[in-house]
Amino acid sequence: MENHQKLAEKLTILNGRGNGVLIRMNYIKKICADAKLRPSILTDKTMEPAIKYITKKFPNIDFRGTVQSLTSIQRQKSEVMEATTSYYDSFLDVIEFRDHVYELLNTIDASQCFFNIAINFDFTKSYLDLIITYTSVIVTLARIDEKKALVGMFNCAHEMTKGSSDPSYPRLSQMFVEYEHPWKKLTEEFGPHTKSVTAALLSLRMIYPRRNLPVEQWRSAQLLSLLNASATMLDPACCDTMACEYLSLDVIERWIVIGFLLCHSSLNSNPSSQELWKMALRSGLYVTIIRDELLNIHKVSEDLFDSIKGYGKRVADIKECRDHALANSGALHRERRHFLRGALKELVTVLEDEPGLLGPKALFVFMALSFSRDEVQWLVRHSENMPKIKTPEDYIDNQMAELLFHMEKLKGLIRKHHYVVQRYHIQYLAQFDALVLNDTIQNMHVCPEEESVLLSSFVSTLSVLSVKQVESKEEFDFRAVRLDWLRLQAYTSVNKAPLPIKDYPDLAKVMNMIQFHTKMVDATEELLRETSDVSILCFYPRLFEKMFCQNIDETTMKRYLMAFPSVCSSFHWCGHPLCPEEEEAIEKRSLRLCVTFLEQIAKQASTIMLEICAEQCNLNDQLLPKQFSEAISAARHRKQKKAVPKKGEVQKEKPGAESLRKDRTITTNMDKMHLMLTEICSSYSLCSNILVYEHTIVPTEFLSSHLEARLSEIIVRMAHYNQSTQEIARPSELVAGVRSYAASLQTLPNYVNVDVVRLLKSVLLQQTQPLDSRGAPTITNLYTNWYLESLLRLASNSLVVHCPAMQCFVNQISDNDPAFQAEEFSDISELRALAELLGAYGLKFLSENLMWHITSQISELKKLVVENMDVLVQMRNNFEEVEEMANLKRRLTGGDSLLKRMTIIGVILSFRSMAQDCLKEVLEKHCPFLMGPIECLKDCVSPDTDIKVTLSVFEMASAAGMSCDVDPALVSAIRSMQTDNMSIEEEYKLSCLLLVFIAVSLPNLALDPNSCYSREHGGHNNNIHCLALAINQVASAMLTVQNKNIEQHLKEFLLLASSALLQMGQNVESKNRESIYLLLHMVNSHHCH
């Protein structure tokens, strides 16, 4: 044991290091080949002459001569060194790795080590892995076209800076030259190692054929089935070659193909080698070097053997194997994937129902994962490089989602029930494995002291294990045991070992089984990575997305779609500490793919759900009152003889007819949509969240987000707003549509765990704002524009009349057909519906827009007052002198305009008042517990209360739809009109004179024939009854801003108005005097002070 030369340790370290160097070489190749990622030193135009010169003269470059081409490097030598140092060091790592591999392989040959994958599994696997890793490094290095330029530029800059070449440059450049044709050089290097390599490969004869069986034999053996022998269901799954059962088929084929390429002499001398080699060549067209770097096995083999004398038969064998692979491998692997889908589905179903079986049948899980992973990898590397064959469908799998889904399910079961697996195997190790190992040691004829100590330590370590350790959640770590077993394999595999492992296969069998059981306790995650790593998909993003698109179109695959984003969570496994630069790119790609898939799934799920909602909305629309006009018309004539339907005329179906079916097997469109919704929502059951690097992604949030965006668009679309024709849906119809959608969406939690209440709250709350979260206009915006631009504009021109008696607006009788019926948009039921839709926030926005129009009118009123200021001052002081007042009134200008603008203000305020009343009713229905306290607080306000407190309370009450003595919104709007150019006293004077102007102008209204009072409407035909509200509200607001006594000034107004109206009685031409007297009464009754 003293002369074991640490073979186990060296193999372990070199394999880890080799993987890092290989990934590093692959990274350099990729960035040098990508125009966007190429090192800036290679894309610099000024460097082109130097790069061409170095590449041409490599490796013998005259750095010291006055070569014109190298002047660009001379100028930027420090930048060149800095840019190329990391690449130079990476290439030096290859030399260092090669030296260590040479040394170790020579040591192993000198020790005449024994290799058998079924006995010393770890030792043999590590040996073959090292050979393949080393070969892959060299082949990848040879594929880097820019390696000479990078190394040459570094050395040139080094010599220009330090006066001498880098000491490692001669060896590095020599290596590049030697490996120009890597396979030829590699076969020369491995000639002395042919015996060891061939022995290791031939040990695969019992493993590889068993793993590479046709699917018919899998079916006949009921592979992976737990139900085929129910009597032995609880028996532990074990065999003589535990680790070989889940060994990657891709890895085995890579060992065989590359191994026999390196040591090809045994192919001519050993029929077993030839048979194994042919079997591997028939299984496919490519093997993986690293990630998406592939080896075309037939082409490389044929090119190599063509150049070697005496290998004509082998070339013929290669061609025959290639033809066989082209003809049969695609169909073979397609059938395997089909079988595995069913087998994994059964396995998942049984283990979900009985997770306790994960203990004895854990091996089945890892075998299933390994077989499935092999098929995924085979399809990926062959689909991307699909050969020209008659059956390309063999290389396209539109059911890949199901296989990936069941793989993710199995991984999830192992993680979820790790306690079950751990508890079972702790007992197995302590109560069975330790005893069997002890008996095996006792039955050994020869057991040297040092080996005996090591074996005894295994027994003692296992014997002390107990279930209590699992129950107390103690951390287990059996890495030392596994490493000692690898060391023991190395000690006992060398020639003339005191305890030759080949003579004690039972010991190897027991220890290999123990190794698997220890991994079940402390390394299940590592084993999951080993058996289910499909991170190769990260390096085939185009193919991965194409697979997803093929699967999403299949109805039966929708329930498995979540596997695609879930797979992205394992992409972090493909990174390596020796190449940290690529971590960020892999992370971004993983996130992009995951998010893209989730977006597509959510988009399709939301589309289906909203189509169901739309269909349900159409059905509900058939029950609206407007749909029954024909039925009502027919009912009026029911005594008449029923008319016989005309030939070819289709009678209109009554609502509910769609629910009548003669045969349940006949599926309707709704049935199909519900089926699709059930299928696609089932995929969300795979996982509640996905962890991609340090990002936690919640799939259902994508669905909520899509539903939110689409629902917002649909609600706006249901408003049917047409800006050019000023058409819009009635609020009550939109409310009915929204309620129908909401009711349908409430069924979504039956399919998937989505918070529909939160979703609806978010959408409807956004609709109460002018713009939603994406900046699109909402129904608040649309209805605000429509009521201002259509209804109130017509009301301002007296084409629409405000009717206090009916609490709505109605169209004036005219010869022209109205664009809409005003009462259909302004009666109590419609304004209540508007309040339901817009809510307090939306009506506040509507109110703000109304106030903007009011303030624009007030600005014009002030201008009229300023024009007539002198006359108005005199009229205010002489209102009792009739003749003087008559003379002064004749000097007034703009009286009609003043009344027209005040009427417009009154119409706007009347509409606002109606909307506020409806809002109050809606809020009292929805939140009476909130309205009560607000009303009590409003009632507590008295004239003595501080004006700021009063306005604050009124603002809150107004937001809740309550009417207030002073309109806080109007106060705020008028206050915002004040400018620095005019003092408070001047503003106050204007307010007083405005009231005077209105009072003395009221008699003018009697001359208008439209000023007659309509008892039916409860108002005047030209909307002048709205003046009463306008006068009171505007006066109260203006005087509140100026902190003056409202009651006093309104009394003054009534005095002036009464005097003017009395004087109007002397004018025989005045008409509608009684209507104007009623107006004065209305002003008085509206006055709340």
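Residues numbered from 1 in each chain as written. Predicted model: local features only at pLDDT ≥ 70, side-chain atom pairs only at ≥ 80, totals over all residues. Heavy atoms only, no water.

As annotated in an unreviewed UniProt entry, the protein chain carries the name NCK associated protein 1 like and is attributed to Hippocampus comes.

Visitor: Would you take a moment to explain the nonpolar core for this structure?
Guide: Note on soluble globular proteins: their nonpolar side chains tend to be buried together. Counting 336 residues, the largest nonpolar core has Ile73 and Phe91 as its most contacted members. Counting residues in each nonpolar core, the second largest holds 30 residues, with Met444, Phe458, Phe478 and Val521 among its members. (Core = buried A, V, L, I, M, F, W, Y, C linked by side-chain atoms within 4.5 Å. Buried < 20%, exposed > 50% of the residue type's maximum accessible area, 1.4 Å probe, protein only.)

Visitor: What's the story with the domain arrangement of the protein chain in this structure? I'm lost.
Guide: Many descriptions give the size of an interface as the accessible area lost when the pieces come together. Under the domain assignment used here, the protein chain contains domain 1 (1-180), domain 2 (417-532), domain 3 (534-624 + 667-768) and domain 4 (797-1086). Spacing between the C-alpha centres of domain 2 and domain 3 amounts to 49 Å. (Domains from an automatic or database assignment.)

Visitor: How do you make sense of the pairing of strand β6 (residues 808-811) when you look at a structure like this?
Guide: Looking along a regular strand, one sees the side chains alternate between the two faces of the sheet. Side chains Cys808 and Val810 project from β6 onto one buried face, and the interleaved Phe809 and Asn811 project onto a second face that is buried too. In the sheet, strand β5 (residues 800-803) pairs with β6 via four bridges, with the strands oriented antiparallel. Of the residues in β6, the one forming a bridge with His802 is Phe809. Between the antiparallel neighbours β5 and β6 lie four residues, among them Gln807 with a positive phi of about 50 degrees. (Helix = DSSP H or I, 4+ residues; strand = E, 2+ residues; numbered from the N terminus. Pairing = 2+ DSSP bridges.)

Visitor: What's the story with the layout of surface pockets in this structure? I'm lost.
Guide: In this approach a probe as big as a water molecule rolls over the atoms, and the regions it shows empty are the leftover space. In this structure, the largest pocket spans a volume of roughly 2100 Å³. Lining of the largest pocket is provided by 49 residues; of these, Asn19, Lys125, Asp129, Arg529 and Glu530 occupy positions nearest its centre. With eight residues, the single largest contributor to the lining of the largest pocket is helix α6 (residues 121-142). Tallied by class, the residues present in the lining of the largest pocket amount to 20 nonpolar, 15 polar and 14 charged. (1 Å grid on protein atoms, 1.4 Å probe; cavity = no way out; pocket = protein on both sides within 12 Å on 5 of 7 lines; lining within 4 Å. Points joined across faces, edges and corners; volume = space filled by probe spheres on them. Nonpolar A, V, L, I, M, F, W, Y, C, P; charged D, E, K, R; others polar.)

Visitor: Help me understand the packing of helix α27 (residues 541-552) against helix α29 (residues 581-621), please; the structure alone is not making it clear to me.
Guide: In helix packing, the relevant descriptors are the interaxial angle and the interaxial distance, both defined with respect to the helix axes. Between α27 and α29, whose axes approach to 12 Å, the crossing angle comes to 15 degrees. Put simply, α27 runs roughly parallel to α29. At the point where α27 passes α29, the crossing takes the right-handed sense. Between α27 and α29, the contacting residues are Pro541, Phe544, Glu545, Phe548 and Ile552 on the first element and Arg589, Arg592, Leu593, Thr596, Phe597, Gln600, Ile601 and Gln604 on the second. Counted by class, the contact of α27 with α29 contains seven nonpolar, three polar and three charged residues. (Axes fitted to C-alpha atoms, helices over the stretch in contact; angles between N-to-C directions. Parallel < 35°, antiparallel > 145°, perpendicular 65-115°, else oblique. Left-handed = near helix turned anticlockwise from the far one by under 90°. Contact = heavy atoms within 4.5 Å.)

Visitor: How should I be thinking about the packing of helix α1 (residues 7-33) against helix α24 (residues 479-493) in this particular structure?
Guide: Here α1 crosses α24 at 120 degrees, and the two axes come no closer than 8 Å. Here α1 is positioned oblique relative to α24, judged by the angle of their axes. Facing α1, whose interface residues are Leu7, Ala8, Glu9 and Thr12, α24 presents Leu486, Arg487 and Ala490. Along the lines of polarity and charge, the residues of the contact of α1 with α24 split into four nonpolar, one polar and two charged.

Visitor: Mind showing me how you'd approach the side chain of Ser566 here?
Guide: By the secondary structure assignment, Ser566 is in helix α28 (residues 563-567). Residues contacting Ser566, with those up to four places away along its chain left out, are Glu408, Leu686 and Ile690.

Visitor: Is there a simple way to think about the pattern of salt bridges in this case?
Guide: A side chain with one charge may pair with a side chain of the opposite charge, provided their charged atoms come close. Counted by the stated rule, this structure contains 58 salt bridges. For the salt bridge of Arg322 with Glu302, the shortest nitrogen-to-oxygen distance reads 3.0 Å. Here Arg322, found in helix α18 (residues 312-353), pairs with Glu302, found in helix α17 (residues 297-306); they are 20 residues apart in sequence, far enough to count as distant. Judged by relative accessible area, Glu302 falls into the buried class, the value being 14%. A salt bridge links Arg774 to Asp772, with the shortest nitrogen-to-oxygen separation between them at 3.3 Å. Given the relative accessible area of 41%, Arg774 is considered partly exposed. Within the structure, one salt-bridge network assembled from shared partners comprises Lys29, Lys30, Arg143, Asp292 and Glu293. (Salt bridge = Lys/Arg side-chain N within 4 Å of Asp/Glu carboxyl O.)

Visitor: Any chance you could explain unusual backbone geometry here in plain terms?
Guide: Most peptide bonds take the trans form, and the phi angle of most residues other than glycine is negative. A cis geometry characterises the amide bond from Phe58 onward to Pro59, with omega recorded as 5 degrees. Take Pro59: it is sitting in the loop between α3 (48-57) and α4 (71-75). The backbone of Lys496 shows a phi angle near 60 degrees, a positive value even though the residue is not glycine. On the secondary structure map, Lys496 appears in the loop between α24 and α25 (505-522). Lys496 gets classed as exposed once you look at its relative accessible area, which sits at 76%. Despite not being glycine, Ser798 shows a phi value in the positive range, around 60 degrees. For Ser798, the position within the fold is in the loop between α35 (779-796) and β5. Residue class for Ser798 comes out buried when judged on its relative accessible area of 18%.

Visitor: Could you clarify how one ought to interpret the pairing of strand β1 (residues 286-290) in this entry?
Guide: Taken across its five residues, β1 has five buried, putting it largely inside the fold. Bridge count between β1 and strand β2 (residues 293-296): four bridges; the pairing is antiparallel. Bridging across to β2, Ile290 finds its partner in Glu293. Linking two consecutive strands that pair antiparallel, namely β1 and β2, is a turn of two residues; a positive phi of about 55 degrees is found at Arg291 within it.

Visitor: Mind showing me how you'd approach empty space enclosed by the protein here?
Guide: Under the counting rule described, the total for this entry stands at six cavities of 30 Å³ or more. Taken as a whole, the largest cavity encloses approximately 50 Å³ of empty space. For the largest cavity, the full set of lining residues is Met902, Ser991, Leu994, Leu995, Ile998, Ile1031, Val1034, Ala1035, Met1038 and Leu1039. Per element, the largest residue contribution to the lining of the largest cavity is five residues, and it comes from helix α45 (residues 1026-1041). A per-class count over the lining of the largest cavity returns nine nonpolar, one polar and no charged.

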